[in-house]
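Listed here are the chains, written in short residue letters.
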Amino acid sequence: QVQLVESGGGLVQAGGSLRLSCAASGSTRSINAIGWYRQAPGKQRELVAAISRGGSTTYADAAKGRFTISRDNAKNTVYLQMNSLKPEDTAVYYCNAGDYYSGSYYGTGYWGKGTLVTVSS
């Protein structure tokens with residue numbers, strides 16, 4: 001079993017920054033990769049960024065150049081640094097434990113409860 005806990009969300013003005021954290025516990029050795037997803041009201045959940053255990057990353061087009069995903073394996077924590085935030089980034093952000101191969105992330109059923117990011121204009 002894997003437990004994931006997100007933190008770091010909040011209210012920020014457009015152009016501002018936030019850093020989200022995803023702390024993993026439980027069977028962390030079974031985690032090959034972590035993905036950050038988001039879900040805005042009335043929209044489907046979408047992958048924002050993902051990182052493999054070895055540090056390979058992938059980003060959604062909307063995140064490229066503004067968001068950076070990183071991990072601290074010693075702390076079993078993955079971060080999502082979000083800069084130049086826009087109102088359309090407003091969503092609940094979730095982390096997911098999954099697999100990463102051939103440059104793509106494959107999510108599993110392990111989800112955190114999410115953290116709300118609100119970007120005001």
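Before reading further, recall that the structure is shown in the block above.
Residues numbered from 1 in each chain as written. Predicted model: local features only at pLDDT ≥ 70, side-chain atom pairs only at ≥ 80, totals over all residues. Heavy atoms only, no water.

Examining the packing of aromatic side chains
Line of reasoning, step 1. As enumerated under the stated definition, the model contains four aromatic pairs in all.
Line of reasoning, step 2. Ring centres of Tyr37 and Trp111 lie 4.8 Å apart, and the angle between their planes is 65 degrees; this geometry places the pair in the edge-to-face category. Of the two residues, Tyr37 sits in strand E4 (residues 33–39) while Trp111 sits in strand E10 (residues 104–111), which places them 74 residues apart along the sequence.
Line of reasoning, step 3. By relative accessible area, Trp111 is classed as partly exposed at 34%.
Line of reasoning, step 4. Relative to Trp111, the ring of Tyr94 lies with its centre 6.3 Å away and its plane at 85 degrees, an arrangement referred to as edge-to-face. With Tyr94 in strand E9 (residues 91–101) and Trp111 in strand E10, the pair connects residues that are 17 residues apart, well separated along the chain.
Line of reasoning, step 5. Taken together, the aromatic side chains of Tyr37, Tyr94, Tyr105 and Trp111 make up a single cluster linked through ring pairs.
Line of reasoning, step 6. Above the plane of the ring of Tyr79 lies Arg19, whose end atom (NZ or CZ) is 4.2 Å from the centre.
Line of reasoning, step 7. Lying across the ring of Trp111, Arg45 places its NZ or CZ 4.5 Å from the centre. (Phe/Tyr/Trp six-rings, centres within 6.5 Å; stacked < 30°, edge-to-face > 60°. Helix = DSSP H or I, 4+ residues; strand = E, 2+ residues; numbered from the N terminus. Buried < 20%, exposed > 50% of the residue type's maximum accessible area, 1.4 Å probe, protein only. Lys NZ or Arg CZ within 6 Å of the ring centre and 35° of its normal.)

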